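Notes for the structure review
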Number of protein chains: 2
Amino acid sequence: MTSTDPPMTGTDPATGTDPAAPARRRSRQRDTLRAYLTEQDTFRTAQDIHADLRARGETIGLATVYRALQRLVDDGDVDVLRTPDGEAAYRRCATPRHHHHLVCRDCGRTVEVSDPPVARWAEQVARDHGFTDVEHVVEVFGTCAGCGS
Amino acid sequence: MTSTDPPMTGTDPATGTDPAAPARRRSRQRDTLRAYLTEQDTFRTAQDIHADLRARGETIGLATVYRALQRLVDDGDVDVLRTPDGEAAYRRCATPRHHHHLVCRDCGRTVEVSDPPVARWAEQVARDHGFTDVEHVVEVFGTCAGCGS
DNA sequence: ATTCTTGCAAACCCTTTGCAAGCTA
DNA sequence: TAGCTTGCAAAGGGTTTGCAAGAAT
């Protein structure tokens with residue numbers, strides 16, 4: 001609806017890419033991260049991801065994990081959310097369109113949930129009070145069946 | 001509805017206070033902070049609050065601000081929320097019962113909004129997937145009329 | 001007098017950045 | 001070869017904590 005993300009630079013209407021953006025090269029690390037994220041169904045912090053990859057014997061630096069995640073997020077390939085204690089958690093979601101999450105605060109297991117009514121409500125409330133460039137954050141945290149006592 | 005906050009220690013059914021908790025003494029700093037928060041209608045970070053108080057000539061340490069805010073939050077006297085970039089922002093809300101916020105991402109000006117449907121929706125979604133101890137985070141960010149271009 | 005509070009500085013943690021070396025195209 | 005990518009270590013920024021000095025009861 002509302003364009004919440006104004007492009008920083010112009011994009012070529014033909015290719016949809018930014019002509020001014022630097023060329024992108026592929027790398028083992030980024031491929032590894034992408035593969036890892038694809039097989040995950042939980043939200044994980046950058047540190048978690050780094051630790052997991054290292055544990056598997058992969059060689060990748062923490063800074064690289066952060067940089068790669070940042071790029072995936074910018075490209076819209078990965079979702080980010082802030083855990084209640086302020087850490088950023090990442091996840092490659094199955095649903096490409098706007099949605100929310102039901103996240104287990106213990107293991108990160110996540111269920112994607114959509115709710116158009118909430119979005120409409122947010123837009124309405126904002127408009128009623130003269131706010132623009134609306135963005136709403138809706139996350140549900142809980143303890144999943146597996147982690148429950 | 002659901003008891004989302006299990007008490008860490010037992011509370012005396014008579015007084016409603018925790019017998020094991022240390023005695024609480026009043027202090028100039030805490031009174032000042034409380035007064036400051038009461039006159040504010042915007043969400044502010046601990047750093048902002050500290051800067052504001054210092055600018056007014058008040059003498060109070062940053063650590064004290066953090067500790068005092070933490071206590072107010074624990075007591076349920078102040079609301080906290082995470083800004084999109086991970087900082088904690090505090091505000092003494094007028095509405096004592098559960099509610100959400102429409103926050104200006106520039107100046108922090110806030111409008112308290114209630115929406116029972118969202119809460120019920122969250123509970124329902126969580127229950128449907130076997131999650132317990134549900135907690136939902138719903139915040140709407142935007143640019144208020146005053147900060148808008 | 002007791003012990004809760006404060007301040008400062010150091011410690012913590014997550015995240016970002018500088019820069020030289022490595023690798024992709 | 002050109003220049004994007006990586007790793008490491010250092011720097012940043014917010015928040016917490018240790019500890020001795022300062023208050024409140």
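The written sequence of each chain sets the order in which its residues are numbered from 1. Each chain is given a letter, starting from A, and each ligand a number, starting from 1, according to the order in which they appear as written. Whole-chain, interface and lining totals are the exception, using all residues; otherwise, since this is a predicted model, local features are given only for residues with pLDDT of at least 70 and side-chain atom pairs are given and counted only at 80 or more. To get the side-chain values, take all heavy atoms of the structure and skip hydrogens and water.

With that settled, consider the pairing of strand β4 (residues 100-104) of chain B. Residue and element names in this part refer to chain B. The buried fraction of β4 amounts to five of the five residues, a majority that puts the element mostly inside the structure. Each residue is placed in one exposure class: buried if its accessible area under a 1.4 Å probe, protein chains only, is under 20% of its type's maximum, exposed if it is over 50%, and partly exposed if it falls in between. Helical segments are the DSSP runs of H or I of at least four residues, strand segments are the runs of E of at least two, and each set is numbered from the N terminus. On β4, burial covers both faces: H100, L102 and C104 on one face and H101 and V103 on the other are all buried. Here, a strand pair is defined by DSSP locating no fewer than two bridges between the strands. Relative to strand β5 (residues 110-113), β4 runs antiparallel, the two being bridged by four bridges. Note that in β5 the partner of V103 across the bridge is T110. A loop of five residues connects β4 with β5, the two strands running antiparallel in sequence, and G108 in this loop sits at a positive phi of about 85°. As judged from the four bridges shared by β4 and strand β6 (residues 132-143), these two strands associate in the parallel manner. Paired with H101 across the two strands is E139, which belongs to β6.

Residues and elements named next belong to chain B. Listed in full, the buried residues belonging to helix α2 (residues 46-55) are A46, I49, H50 and L53. Down the axis of α2, the buried side of the element spans an arc of 100°, and every buried residue falls inside it. Whether two residues are in contact is decided by their heavy atoms, any of which lying within 4.5 Å being enough. Buried residues along α2 sit against α1 (28-39), β1 (44-45), α3 (62-74) and β3 (88-91). G57 sits one or two positions beyond α2 and adopts a positive phi of about 95°. The arc in question is the one spanned by the directions pointing from the helix axis to the C-beta atoms.

Working definition: residue near molecule or strand if any one of its non-hydrogen atoms lies within 4 Å of it. Within the structure, DNA strand C sits among 24 residues, and Y66 of chain A together with R25, S27, T64 and R67 of chain B are positioned closest to it. Of what DNA strand C places within 4 Å of the protein, 69% of the atoms are sugar or phosphate. We define a polar contact as two N or O atoms separated by no more than 3.5 Å, with the added condition that, inside protein, one atom must be a possible hydrogen donor and the other a possible acceptor, whereas residues neighbouring each other in sequence contribute only through side-chain atom pairs. A distance of 3.2 Å separates a phosphate oxygen of DNA strand C from a polar atom in the backbone of T59 of chain B. Separating a base nitrogen of DNA strand C from a side-chain N or O atom of R67 of chain B is a distance of 2.7 Å. Residue assignment for the surface near DNA strand C shows that the elements contributing at least two residues are α3 (62-74) of chain A together with α1 and α3 of chain B. Considered class by class, the residues forming the surface near DNA strand C number eight nonpolar, six polar and ten charged. For this classification, Asp, Glu, Lys and Arg are treated as charged, while Ala, Val, Leu, Ile, Met, Phe, Trp, Tyr, Cys and Pro are nonpolar and the rest, including Gly, are polar.

As a further point, take unusual backbone geometry. Positive phi, close to 55°, is recorded for D133 of chain A, a residue that is not glycine. Positionally, D133 of chain A belongs in strand β6 (residues 132-143).

Turning next to the pairing of strand β3 (residues 88-91) of chain A. All names here are of chain A. Relative to β3, strand β1 (residues 44-45) runs antiparallel, the two being bridged by two bridges. Residue T45 lies in a different strand from β3, and its bridge partner there is A89. Strand direction decides the pairing type here: strand β2 (residues 79-82) and β3, joined by four bridges, are antiparallel. When the bridges of β3 are listed, D79 appears paired with R91. Hairpin connection of β2 to β3: five residues between the antiparallel strands, including G86 at a positive phi of 85°.

A separate point is the sheet that holds β3 of chain A. Spatially, β1-β3-β2 (chain A) is the arrangement adopted by the three strands of the open sheet, whose pairing is antiparallel. The sheet terminates laterally at β1 and β2 of chain A, the two strands that pair on one side only.

Taken as rigid bodies, chain A and chain B are interconverted by a rotation of 179° and an axial shift of 0.1 Å, the fit giving an RMSD of 0.1 Å. Given the turn and translation reported, the copies of this chain are related as if by a two-fold rotation axis. No C-alpha of chain A approaches the rotation axis more nearly than that of V138 of chain A, which lies at 2.2 Å. A shared interface surface links the copies, since 97% of the contact residues of chain A are contact residues in chain B too. Superposition of the copies was done by least squares, using only C-alpha atoms of residues whose pLDDT is at least 70 in both.

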